[in-house]
Amino acid sequence: MSTATIEDRLSSTARSFLTGPKGLLIDGEFRPAADGGLLAVVDPSTGERVTEVAFAGTADVDQAVASARAAFADGRWSALAPIEQSRRLERLAVLVEEHGAELAELETLDVGKPLAQSQWEMGLVADLLRYYAGWCTKIHGDVNPAGTDFLSYTLREPVGVCAGIIPWNFPLVMAAFKVGPALACGNTLILKPAEQTPLTALRFGELCLEAGIPAGVVNVLTGDGETTGNALVEHPGVDKIAFTGSTEVGRKIMVKAAGTLKKVSLELGGKSPSIIFADADLEAAATAAMQGIWTNAGQWCVAGSRLVVEQSIHDTFVDVLVQHSSQLKVGGGFDADSQMGPLISDEQLSRVSSYMEIGREEGAELALGGSRMQRPGYFVEPTVFTGVRNDMRIAQEEIFGPVAAVIPFGGDEEALRIGNGTDYGLAAAVWTRDVSRAHRAARALQAGQIWVNSYGDFDWSTPFGGYKQSGYGRELGKYSLDLYTQMKSVLVRL
Ligand code: ADP
């Protein structure tokens, strides 16, 4: 465990950002909240407050919406030549790369994840922006076969002012999920990072201006959900909400957005199964299972929290999983050998700890971990429960922590029944060497993302989103363009 102070751990650029004023980005300027409100930023590795940022109230939301509306109305972004939009988004990607080290430090400070993970994520952010920079010049409508009396064509137009409400687990990657396609389609945007992790979004806002994204096109409002997020959802000047977060909040957003009939896309929670058949490569499956549940300390929507394992290999699989997982180095994000960081907050620590307790009470057996770690910060042990039945709460409810539930099965049908046996449907994995079985399972599983003999892989061209209560709308690839454009039909009588 490191005893260095925060100042010791940060580069001079990250430090100077941290010590400077961190206002709201509205209309190309950083300003304090209208009512002077502030939001504390806490380092989850220590539980200590490291700095504060402005807390956007409803008056700030009004101003940001007015700024984004004006920027949309005068076409300062949407009317730019697509090749110029592309050039500027590409410049933003380059700036993220150039400032990747500093952004990664801020991300690790905010989220607590290992620095190497944050550095890797900054590469993803740059690549995702670059991917959507390529789309600016390729979005178009069609000419439709309406017969000889008409010319029928469609225009793909931006939706208008979008609000991207994002979670704290992958803050800047999630920002890029929204900013990339929203801008490629010609919209303006208000980005609202989670209250726990406001830092990189603000620095990113500075980089947007530096890249030549005009004032008002990207606004950044730091604040909480109840006040800031809710005001965006209810605001008549916002045309679309792109939300990533919990199913519970997604449900609230849907209800509130109904008041103004906003377009809404929701990427929500999950309880994703990895189904491991006896013919699988056990070592590879166990390694991927670890990655699936220990990545980000289990705080990701596709966490592989249910390991559904064929009876005949169950004990061997659990042995390998537990043996490897017990070597995992848990530590602060800036500790050189850390492989798994803390949970994000005290609240999350209580939630995850309570599920550890619930698992015990439900009669599941602890094969690994099961407790809070005795050190400052919000650390828990990597935890594996065995003897789990799929109807237990630890198998049904999203824990959002490093807690795996191992559930045995007898045959294919039972495996798929268990796999589909929750209200969620975000992702699922199948591990087998039998090609037919893999494809049959891929069809049968009710999830938006299926992995075969892998876990947690993403590809920018491949759509991502949920079935059932894991949300709707597909992000990434050309599919995001449907979320950020609306189609207009023009019928010309000849
Ligand atoms: P988690 O449960 O993972 O902490 P949440 O779903 O609570 O995530 O939060 C994700 C994002 O949604 C955050 O930016 C948060 O501020 C925002 N949020 C929370 N509640 C609301 C709400 N009622 N309306 C709008 N946004 C909200």
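In what follows, the structure referred to is the one given above.
These figures come from a predicted structure and were not determined experimentally.

> Explain the overall build of the protein to me, please; I cannot follow it from the model alone.
Looking only at helices and strands, the protein features 17 helices and 22 strands. Relative to the globule expectation of 23 Å for 494 residues, the C-alpha radius of gyration of the protein, 23 Å, shows essentially globular dimensions. If you line up the protein on its principal axes, its C-alpha atoms span 70 × 65 × 40 Å. Scored against the burial criterion, the 494 residues of the protein give a buried share of 59%.

> Help me out: how do you make sense of the site of the ligand in this one?
In the vicinity of the ligand, 18 residues are found, and the nearest of them are I166, W168, K192, E195 and S246. Between the ligand and the protein, one listed contact pairs an oxygen atom with a side-chain N or O atom of K192 at 2.9 Å. In the environment of the ligand, an oxygen atom lies 2.8 Å from a nitrogen or oxygen atom belonging to the side chain of S246. Isolated, the ligand exposes 550 Å² of accessible area, and the fraction of that covered by the protein chains is 84%. Elements with a minimum of two residues in the shell around the ligand: α9 (225–234), β10 (240–244) and α10 (247–257). Among the elements that take part in the shell around the ligand, α9 stands out by supplying 4 residues, more than any other. Of the residues contributing to the shell around the ligand, the split by class is 9 nonpolar, 6 polar and 3 charged.

> Looking at this structure, I do not really get the nonpolar core. What am I missing?
One broad trend across soluble globular proteins is that nonpolar side chains are buried collectively. In this structure, I276, F317, V388 and I394 are the most contacted members of the largest nonpolar core, which totals 134 residues. Element by element, the count of residues in this core is highest for helix α7 (residues 171–184), at 10 residues. Those residues in contact with V388 that lie beyond four places of it in its chain are A364, I394, A395, A405, V406, I407 and P408.

> Help me understand the sheet that holds strand β5 (residues 143–144), please; the structure alone is not making it clear to me.
Within a sheet, neighbouring strands are paired by backbone hydrogen bonds and run either parallel or antiparallel to one another. Read from one edge of the open sheet, 3 strands run β5-β6-β22, paired in antiparallel fashion. Each edge of the sheet is formed by a strand with only one pairing partner; in this case those strands are β5 and β22 (485–493). Sheet topology note: the β5/strand β6 (residues 150–158) ladder contains 2 bridges and is antiparallel. Residue pairing for β6: V143 is matched across the bridge by Y153.

> I'm lost on a nonpolar patch on the surface in this one. Help?
On the surface, V143, L151, Y153, L155 and L494 cluster together into a nonpolar patch covering about 470 Å² of accessible area. Here the element with the most residues in the nonpolar patch is β6; it accounts for 3 residues. Residue position: L155 is located in strand β6.

> Which parts of the structure should I look at to understand the pairing of strand β11 (residues 263–267)?
Each regular strand carries side chains that alternate between the two faces of the sheet. Extensive coverage of β11 is indicated by the burial of 4 of its 5 residues. Note: β10 against β11, 5 bridges, orientation parallel. Across the sheet, the residue bridging to T244 is E267, located in β11. You can see the chain leave β10, run along α10 and come back into β11, and the turn it takes is right-handed. In terms of strand pairing, β11 meets strand β21 (residues 471–472) through 2 bridges, oriented antiparallel. By the bridge assignment, E267 is partnered in β21 with G471.

> What is the right way to look at unusual backbone geometry in this model?
Glycine aside, the phi torsion of most residues is negative, and most peptide linkages are trans. Of note, L261 is a non-glycine position whose phi angle comes to about 50°, a positive value. By the secondary structure assignment, L261 is in the loop between α10 and β11. The phi dihedral of K468 falls on the positive side, at around 45°, and the residue is not glycine. Inspection of the secondary structure assignment puts K468 in strand β20 (residues 467–468). K468 sits in the partly exposed class, given a relative accessible area of 37%.

> I would appreciate a short explanation of the sheet that holds strand β16 (residues 403–409) in the present structure.
Within the open sheet, the 7 strands sit side by side as β14-β15-β16-β13-β12-β18-β19. Their pairing is mixed. Looking along the sheet, the strands with just one partner apiece sit at the ends: β14 (365–368) and β19 (449–452). Neighbouring strand axes in the sheet, compared pairwise and without regard to direction, differ in orientation by 25° on average. Inspection of the sheet shows strand β12 (residues 273–276) paired to strand β18 (residues 427–431) by 3 bridges, in the parallel sense. Within β18, the position partnered with I275 by the bridge is V430.

> Just to check I follow, could you spell out the packing of aromatic side chains for this structure?
Where two aromatic rings form a pair, the distance of their centres and the angle of their planes describe that pair. Overall, the coordinates contain 7 aromatic pairs when judged by the stated rule. Between the aromatic rings of W451 and Y455, the centroid separation amounts to 4.7 Å while the plane-to-plane angle is 50°, which identifies the pairing as tilted. The exposure classification of W451 matches that of Y455, with both residues buried. Pairing F458 with F464 gives two aromatic rings, centres 4.9 Å apart and planes at 65°, and the pair type is edge-to-face.

> It is not clear to me how helix α2 (residues 12–19) should be interpreted in this structure. Could you clarify?
Each α-helix turn comprises 3.6 residues. Residues three or four places apart therefore point the same way. Looking at α2, one finds that the buried residues are A14, F17 and L18. Summarising the axial view, the buried residues of α2 lie within an arc of 100°, below the 170-degree limit, and thus occupy one face. Counted as exposed and oriented over 90 degrees from the buried face of α2: S12 and T19.

Quick notes on the rules
Residues numbered from 1 in each chain as written. Predicted model: local features only at pLDDT ≥ 70, side-chain atom pairs only at ≥ 80, totals over all residues. Heavy atoms only, no water. Helix = DSSP H or I, 4+ residues; strand = E, 2+ residues; numbered from the N terminus. Rg over C-alpha atoms; globule rule 2.2 N^0.38 Å. Buried < 20%, exposed > 50% of the residue type's maximum accessible area, 1.4 Å probe, protein only. Near = heavy atom within 4 Å. Polar contact = N/O pair within 3.5 Å; in protein donor to acceptor, adjacent residues only side chain to side chain. Areas by Shrake-Rupley, 256 points an atom, 1.4 Å probe, with all protein chains shown as cover. Nonpolar A, V, L, I, M, F, W, Y, C, P; charged D, E, K, R; others polar. Core = buried A, V, L, I, M, F, W, Y, C linked by side-chain atoms within 4.5 Å. Contact = heavy atoms within 4.5 Å. Pairing = 2+ DSSP bridges. Patch = residues over 30% accessible without salt bridge, like charges linked within 9 Å, V, L, I, M, F, W, Y side chains within 5 Å. Salt bridge = Lys/Arg side-chain N within 4 Å of Asp/Glu carboxyl O. Right-handed = clockwise from strand over helix to strand, strands pointing away. Axes fitted to C-alpha atoms, helices over the stretch in contact; angles between N-to-C directions. Phe/Tyr/Trp six-rings, centres within 6.5 Å; stacked < 30°, edge-to-face > 60°. Arc of directions from axis to C-beta.

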